[in-house]
Amino acid sequence: MTFPFDYPAAQHVRRHSPRGYADYSSFRPWLRDEFSFRCVYCLLREQWARHGSFGADHFLAVAHHPQKATDYDNLLYACVTCNAVKSDRLLPNPVRVLLRNSVQVAADGHIHTDDAAAAHLIELLGLDSDHSNEFRMLWIGIIALAAKHDPALHRRLMGFPADLPNLARLRPPGGNKRPLGIEESHHAKKLRGTLPDFY
Ligand SMILES: [Zn+2]
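Residues numbered from 1 in each chain as written. Predicted model: local features only at pLDDT ≥ 70, side-chain atom pairs only at ≥ 80, totals over all residues. Heavy atoms only, no water.

*Asks:* It is not clear to me how the overall build of the chain should be interpreted in this structure. Could you clarify?
*Replies:* On a plain count of helices and strands, the chain comes out with 7 helices and 4 strands. Reading the helices (α) and strands (β) of the chain from amino to carboxyl end gives α-β-β-α-α-β-β-α-α-α-α. Radius of gyration (C-alpha) of the chain: 17 Å, near the 16 Å computed for a compact globule of 199 residues. Here the C-alpha coordinates of the chain stretch approximately 45 × 40 × 30 Å along the principal axes. (Helix = DSSP H or I, 4+ residues; strand = E, 2+ residues; numbered from the N terminus. Rg over C-alpha atoms; globule rule 2.2 N^0.38 Å.)

Dropping the structure here:
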């Protein structure tokens, strides 16, 4: 069974590259798909949170790198909590350091790592705080209960959201430098019948 707090097994390779949007919020559907509808830092999923709890995070903060404000490759998908705690700081890149072989969450919600950069990131974002551990323990418990007693609820909590963005319909003003990624989007997989029930 999929564990709700498994970090990605491998470093993420970007599938999409929309260009030319003047406002970074226009990148949102691309980022949702790119990062699988969950926060790259804490793994909070859209399915567990209220609408509006996620947004674009600038890996290199706009305060220090204004030219990166609408550079897609500088944008990550993050929950508002992680985004606010991060603020304008430069952190280790979560896509590179929060990986399954070096960062594990235990059944009691505690997060462990033997990697120095990951430990630094976890420390800076408070991902090992009592509050964070409590939050994970709560969801681990809820999801285990749903798995046992309510398969439909379990699918909702651990599956993809219903409103998968149809990226094929979007027309970024500056084009898309990685057009092949559209075929790998979750919406395209759903149309082909190859989207898994759980992730
Ligand atoms: Zn988060």
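Next, the rest of the story.
*Asks:* When you look at the coordination of the zinc ion in this model, what are you seeing that I'm missing?
*Replies:* Coordination sphere of the zinc ion, protein contribution only: C39 (SG), C42 (SG), C79 (SG) and C82 (SG), at 2.3 to 2.4 Å. Classification of the site at the zinc ion as tetrahedral follows from its 4 donor atoms and the range of 103 to 116° in their angles at the metal. Positions of the donor residues of the zinc ion, expressed as sequence spacing, correspond to C-x2-C-x36-C-x2-C. Separated by 40 residues along the polypeptide, C39 in the loop between α1 (28-34) and β1 (54-58) and C79 in strand β2 (residues 75-79) bring together distant segments of the chain. C39 gets classed as buried once you look at its relative accessible area, which sits at 0%. (Donors = N, O, S within 2.8 Å, 3.2 Å for Na, K, Ca; no water. Tetrahedral: all angles 85-135°; square planar, octahedral: opposite > 155°, others 65-115°. Buried < 20%, exposed > 50% of the residue type's maximum accessible area, 1.4 Å probe, protein only.)

*Asks:* I would appreciate a short explanation of a negative patch on the surface in the present structure.
*Replies:* Residues E123, D128, D130 and E134 make up a contiguous surface patch of negative charge. Among the structural elements, D130 can be located in helix α5 (residues 130-149). Take D130: its relative accessible area is 66%, and that puts it in the exposed class. (Patch = residues over 30% accessible without salt bridge, like charges linked within 9 Å, V, L, I, M, F, W, Y side chains within 5 Å. Areas by Shrake-Rupley, 256 points an atom, 1.4 Å probe, with all protein chains shown as cover. Salt bridge = Lys/Arg side-chain N within 4 Å of Asp/Glu carboxyl O. Lys, Arg positive; Asp, Glu negative; His and termini not counted. Charge placed at Lys NZ, Arg CZ, Asp CG, Glu CD.)

*Asks:* Sorry if this is basic, but what is going on with the packing of aromatic side chains here?
*Replies:* The geometry of an aromatic ring pair comes down to the distance between the two centres and the angle between the two planes. This structure, assessed with the given rule, holds 7 aromatic pairs. Residues F5 and W48 carry aromatic rings whose centres are separated by 5.5 Å and whose planes lie at 65° to one another, so their mutual orientation is edge-to-face. Here F5, found in the segment before α1, pairs with W48, found in the loop between α1 and β1; they are 43 residues apart in sequence, far enough to count as distant. Accessibility classification places F5 together with W48 in one group, the buried group. Judged by centre distance (5.1 Å) and plane angle (10°), the rings of W48 and W139 are stacked. (Phe/Tyr/Trp six-rings, centres within 6.5 Å; stacked < 30°, edge-to-face > 60°.)

*Asks:* What exactly am I supposed to notice about the pattern of salt bridges here?
*Replies:* Two side chains bearing opposite charge may form a pair once their charged atoms approach each other closely. For the structure shown, the criterion picks out 7 salt bridges. The salt bridge involving R192 is made with E183; its shortest N-O contact spans 3.1 Å. The partly exposed category is assigned to R192, whose relative accessible area is 42%. Overlapping salt bridges bring together R32, E46 and D163 as one network.

*Asks:* Which parts of the structure should I look at to understand the layout of surface pockets?
*Replies:* The gaps of empty space that remain are located by a probe, the size of a water molecule, rolled over the atoms. In this model, the largest pocket occupies a volume close to 620 Å³. Every residue lining the largest pocket is counted, 29 residues in all, and those nearest its centre are P8, H12, S36, R38 and Y199. Listing elements by their share of the lining of the largest pocket, those giving two or more residues are α3 (94-97) and α7 (186-192). Here the residues of the lining of the largest pocket sort into 16 nonpolar, 5 polar and 8 charged. (1 Å grid on protein atoms, 1.4 Å probe; cavity = no way out; pocket = protein on both sides within 12 Å on 5 of 7 lines; lining within 4 Å. Points joined across faces, edges and corners; volume = space filled by probe spheres on them. Nonpolar A, V, L, I, M, F, W, Y, C, P; charged D, E, K, R; others polar.)

*Asks:* Got a minute to help me understand the nonpolar core in this structure?
*Replies:* Ranked by size, the top nonpolar core spans 44 residues in total, and within it Y7, L31, C39, Y41, W48 and L98 carry the most contacts. Only α1, β1, β2, α3, β3 (103-105), α4 (116-125), α5 and α6 (151-158) provide two or more residues apiece to this core. Considering each element in turn, this core owes the most residues, 5 residues, to β2. Ignoring any residue separated from it by four or fewer positions in sequence, one finds Y41 in contact with Y7, D57, L76, A78, C82, K86, P94, L98, L121, L125 and L127. In terms of nonpolar packing, the next biggest core, distinct from the first, is built from 5 residues, F37, L164, L195 and Y199 among them. (Core = buried A, V, L, I, M, F, W, Y, C linked by side-chain atoms within 4.5 Å. Contact = heavy atoms within 4.5 Å.)

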